[in-house]
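The residues making up each chain are set out below.
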Amino acid sequence: MNLISDRDVAKKFAQKIVSEIVFYNQDKAIEGIINDNFFDLLHNEIEEGRNIYLSRVSSNLSNVENLYDLAIVEIIMEHGRNIRSKIWR
């Protein structure tokens, strides 16, 4: 299997992984956004996703792991924009 070496493709792959984490764990994700403990509630899923991501993306890309972390923030903002939460009043 070839590793992803294109930055845009890596970013989209990270977003897909995180979107699936949120989709398959909707209740935990909503609770985590509301209570500002998203990362605690979904820690195992996030790390499993990170491992999958890192196994498929070339380490030669600069800040490769930051793309995954950025995807988490983007997906939280996207999926949580209509949820009342302490983190964005």
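Keep in mind the model is a prediction, meaning the values are calculated, not measured. (Residues numbered from 1 in each chain as written. Predicted model: local features only at pLDDT ≥ 70, side-chain atom pairs only at ≥ 80, totals over all residues. Heavy atoms only, no water.)

**A short note on the overall build of the protein chain**
- A count of helical and extended segments in the protein chain gives five helices and zero strands.
- Taken from N to C terminus, the helices and strands of the protein chain fall in the order α-α-α-α-α.
- Relative to the globule expectation of 12 Å for 89 residues, the C-alpha radius of gyration of the protein chain, 14 Å, shows essentially globular dimensions.
- Over its C-alpha atoms, taken along the principal directions, the protein chain stretches across nearly 40 × 20 × 15 Å. (Helix = DSSP H or I, 4+ residues; strand = E, 2+ residues; numbered from the N terminus. Rg over C-alpha atoms; globule rule 2.2 N^0.38 Å.)

**Section: the nonpolar core**
- Counting 24 residues, the largest nonpolar core has Ala10, Phe38, Tyr53, Val57, Tyr68 and Ile72 as its most contacted members.
- When contributions to this core are tallied by element, the ones reaching two or more residues are α1 (7-24), α2 (26-35), α4 (43-56) and α5 (64-80). (Core = buried A, V, L, I, M, F, W, Y, C linked by side-chain atoms within 4.5 Å. Buried < 20%, exposed > 50% of the residue type's maximum accessible area, 1.4 Å probe, protein only.)

**Some points on the confidence of the model for the protein chain**
- In the predicted model, the protein chain carries a mean pLDDT of 90, and the fraction of residues at 70 or more is 96%.
- For the protein chain, the element scoring lowest by mean pLDDT is α5, at 89; α4 scores highest, at 97. (pLDDT = per-residue confidence, 0-100.)

**A look at the environment of Ser85**
- Note on placement: Ser85 falls in the segment after α5.
- Residue Ser85 is classed as buried on the basis of its relative accessible area, which comes to 7%.
- Here the alpha-carbon distance between Ser85 and Ile33, two residues 52 residues apart in the chain, equals 6.3 Å.

**Points about the packing of α4 against α5**
- Put simply, α4 and α5 touch, their axes get as near as 11 Å, and they point 140° apart. Put simply, α4 runs oblique to α5. In this structure, α4 meets α5 at a crossing whose hand is right-handed. Together, Glu45, Ile46, Gly49, Arg50, Tyr53 and Leu54 of α4 and Val64, Glu65, Leu67, Tyr68, Asp69 and Ile72 of α5 make up the contact between the two elements.
- Along the lines of polarity and charge, the residues of the contact of α4 with α5 split into seven nonpolar, one polar and four charged. (Axes fitted to C-alpha atoms, helices over the stretch in contact; angles between N-to-C directions. Parallel < 35°, antiparallel > 145°, perpendicular 65-115°, else oblique. Left-handed = near helix turned anticlockwise from the far one by under 90°. Contact = heavy atoms within 4.5 Å. Nonpolar A, V, L, I, M, F, W, Y, C, P; charged D, E, K, R; others polar.)

**Structural notes on α2**
- The set of residues buried in α2 consists of Ala29, Gly32 and Ile33. One face of α2 carries all of its buried residues, which in axial projection span an arc of 100°.
- Buried positions along α2 lie against α1, α3 (38-41) and α5.
- Once α2 ends, the next one or two residues include Asp36, with phi positive near 55°. (Arc of directions from axis to C-beta.)

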